[in-house]
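# Examining the three-dimensional arrangement
Chain residues, written in single-letter form:
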Amino acid sequence: MEYIFGLEFIYLIASVTYIIGLKMLGHPETARRGNLIAAAGMTAAILGTIFLYEGEVPTFIYILIGVAILIGTVLGWLKAKRVQMTAMPELVSLFNGMGGASAALIGLIEFEHYHGNTLSILTILGGIIIGSISFSGSMIAYGKLNGTFQKPIRIPKYNIINNLLLLGLFVFAGYIVWSHTESQLFLYLLFLGALVYGILFVVPIGGADMPVVISLLNSFTGLAAALGGFLYGNMVMLTGGILVGSAGTILTFAMCNAMNRSLSNVIFGGFGDTDDTGAEGGSKVQGSIKKASVSDVAILMNYSQKVIIVPGYGLAVAQAQHAIHELEQLLESKGVQVKYAIHPVAGRMPGHMNVLLAETNVEYDKLAEMEDVNPEFNSTDVVFVVGANDVVNPAAHNDPSSPIYGMPILDAENAKQIIVNKRSMKPGYAGIDNELFYNQKTSMLFGDARKVIQDLINELKGM
Amino acid sequence: MTELIDFISNNLQMIYIVVLMIFVGVEVIGHVPAVLHTPLMSGANAIHGVVIIGAILVMLGADPENKLALSLGFVAVLLGTLNVVGGFVVTDRMLEMFKKKK
């Protein structure tokens, strides 16, 4: 193992930029700079690895590396720049999968170079298993978020089958290590098995839990990168990988906490399984709903003192963030006090709504966090729920049989009037009924969020 | 067993780094507001793109005759680049929105 002082120094600096970058990402004022600092460190580490490499390398290999980086940069840049704000969560999942696949491929290539070295082979197989799971799992999560596979698919006894498969993968990997086999066939079988496990691991989990899954797979990829660092004795891979592995794990738990669920409940829980045999479906809500017309709602809002808007994923899907901002400004100009109540897990990722609304220049002090806004609902004339569902479901407070029981929610039901905009009566991602919709004080305003809000604006302008 | 002891004594430096980095990771993320969870995850996602260094090392050390290794390595570098570039750019775009506040 030959160390060049210059390269090691660059790696050290790069590792420090990752730590500082992550730290700065934790504060709104410094976040953007933190990201750029980490990116600069990464660029230095990549260039250093290429140009300070000791050893004879044919020119065409340099060209291949250059071409691969060029293609990757152009594709990654375009994809990231062109994506709509609503699709960002799934893009994170996509890029995460790419990293996992890269780690798995490294293992596939290096296997034949480390025969006889038990611990290196162990490291390589670990990288292949974790990287492949991260890749195929992220692809499924990507598909779930962009709507390709919406429904959780569960084969009977999926938990047992999945765990047996995982156990089988470990046993098989152990066999490859200790039998000292050089069989490439076995290696590719292990790779395939891990890919299948990644799919089966994510497929039964509902779409609402995808942020947690992506965060978990994110830390998996970190671990796979760190294993690569171990294999090569490469410090920057080791520090970067472990840092993400550890930070990602903490982040995963933080997200679970925000939903008041345990990680094992997310992964094995079969959340929102309405057609289940009753054990966890939550009780059915009985009653009738009231429909409201756009002009009813416009009049109601026009003569209110205080309106709180509860945005959810439906707002993002309908691209209604600009419309809602316009509605908010219009109401304010009419002397109505308007606020947004942001549930920590509204949308498809924590902070999703903040990002979306920040895009439209909504003033920061209008975005109220759950704990701050909950006591205010009592004094609120109208709550306007736009495309949100589970985060305002009172079952979280009063139905112990509900799968979301215990989750902190926005107490929209305390307001004097509740207007709910949805496209239909379809349940939310948790797949459970919402008694709020059947509340005496609730009126439903069906339709696409952007169109409905636009109609409201037109009505209000005429008043 | 001797292999394990050898491993530990030979790699003590790396083991130290692993243990310390775990704590750094925990410390760095603790008490971050939920609002920043998504950008933070996205930023961390870009950082594990460091796996590209491994992919580059595979290519640099590959036998020029081994077409399979070179093709897989090529794909690994490409995917690693996607992870790095896409990850950082997407994070920047998310944070750009936060910056607009006055």
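Please refer to the structure higher up on the page.
Worth saying up front: this structure is predicted, and the values here are computed from it rather than measured.

Residue and element names in this part refer to chain A. Taking 1.5 Å per residue, 13 residues should reach 18 Å; helix H13 (residues 321-333) reaches 19 Å between its end C-alpha atoms and fits that length. The set of residues buried in H13 consists of Gln 321, Ala 323, Ile 324, His 325, Leu 327, Glu 328, Leu 330 and Leu 331. Trailing H13 by a residue or two, Gly 335 shows a phi angle of about 85°, which is positive.

Another point: empty space enclosed by the protein. All names here are of chain A. Counting across every chain of the model gives three cavities of 30 Å³ or more. Each pocket or cavity is described by its volume, and for the largest cavity that value is around 80 Å³. In this structure, the largest cavity is lined by Ala 103, Ile 106, Gly 107, Thr 123, Ile 124, Gly 127, Ala 224, Leu 227, Gly 228 and Leu 231. At the level of secondary structure, the elements contributing two or more residues to the lining of the largest cavity comprise helix H4 (88-110), helix H5 (118-145) and helix H8 (210-232). Broken down by class, the residue content of the lining of the largest cavity amounts to six nonpolar, four polar and no charged.

The subject of this paragraph is the interface of chain A and chain B. Across the contact, 101 residues belong to chain A and 81 residues belong to chain B. Carbon and sulfur atoms make up 80% of the surface buried where chain A meets chain B, a total of about 8,400 Å² over both sides. For the pair chain A and chain B, the number of links is one salt bridge. With its nearest N and O atoms 2.8 Å apart, the salt bridge here joins Arg 32 of chain A to Asp 92 of chain B. In this structure, the connection of chain A to chain B is made through 15 residue pairs in polar contact (both at pLDDT 80 or more). Breaking the side of chain A that touches chain B down by element, the ones donating at least two residues are helix H1 (5-25), helix H2 (31-51), helix H3 (59-82), H4, H5, H8, helix H9 (235-258) and helix H14 (352-359) of chain A. Of the residues forming the side of chain A that touches chain B, the biggest block, 17 residues, is contributed by H3 of chain A. A class-by-class count of the residues in the side of chain A that touches chain B yields 67 nonpolar, 26 polar and eight charged.

Before going further, it helps to spend a moment on the environment of Lys 79 of chain A. Residue and element names in this part refer to chain A. In this fold, Lys 79 is placed in helix H3. In sequence terms Lys 79 and Leu 91 are twelve residues apart; their C-alpha atoms lie 8.4 Å from each other. For Lys 79, the residues in contact, after removing those within four places along its chain, are Leu 91, Leu 94, Phe 95 and Tyr 142.

Conventions adopted
Residues numbered from 1 in each chain as written. Chains lettered and ligands numbered in written order. Predicted model: local features only at pLDDT ≥ 70, side-chain atom pairs only at ≥ 80, totals over all residues. Heavy atoms only, no water. Helix = DSSP H or I, 4+ residues; strand = E, 2+ residues; numbered from the N terminus. Expected span 1.5 Å × (residues − 1). Buried < 20%, exposed > 50% of the residue type's maximum accessible area, 1.4 Å probe, protein only. 1 Å grid on protein atoms, 1.4 Å probe; cavity = no way out; pocket = protein on both sides within 12 Å on 5 of 7 lines; lining within 4 Å. Points joined across faces, edges and corners; volume = space filled by probe spheres on them. Nonpolar A, V, L, I, M, F, W, Y, C, P; charged D, E, K, R; others polar. Contact = heavy atoms within 4.5 Å. Buried area = accessible area lost by both parts, 1.4 Å probe. Salt bridge = Lys/Arg side-chain N within 4 Å of Asp/Glu carboxyl O. Polar contact = N/O pair within 3.5 Å; in protein donor to acceptor, adjacent residues only side chain to side chain.

In short, shape yes, function no, at least from these values alone.
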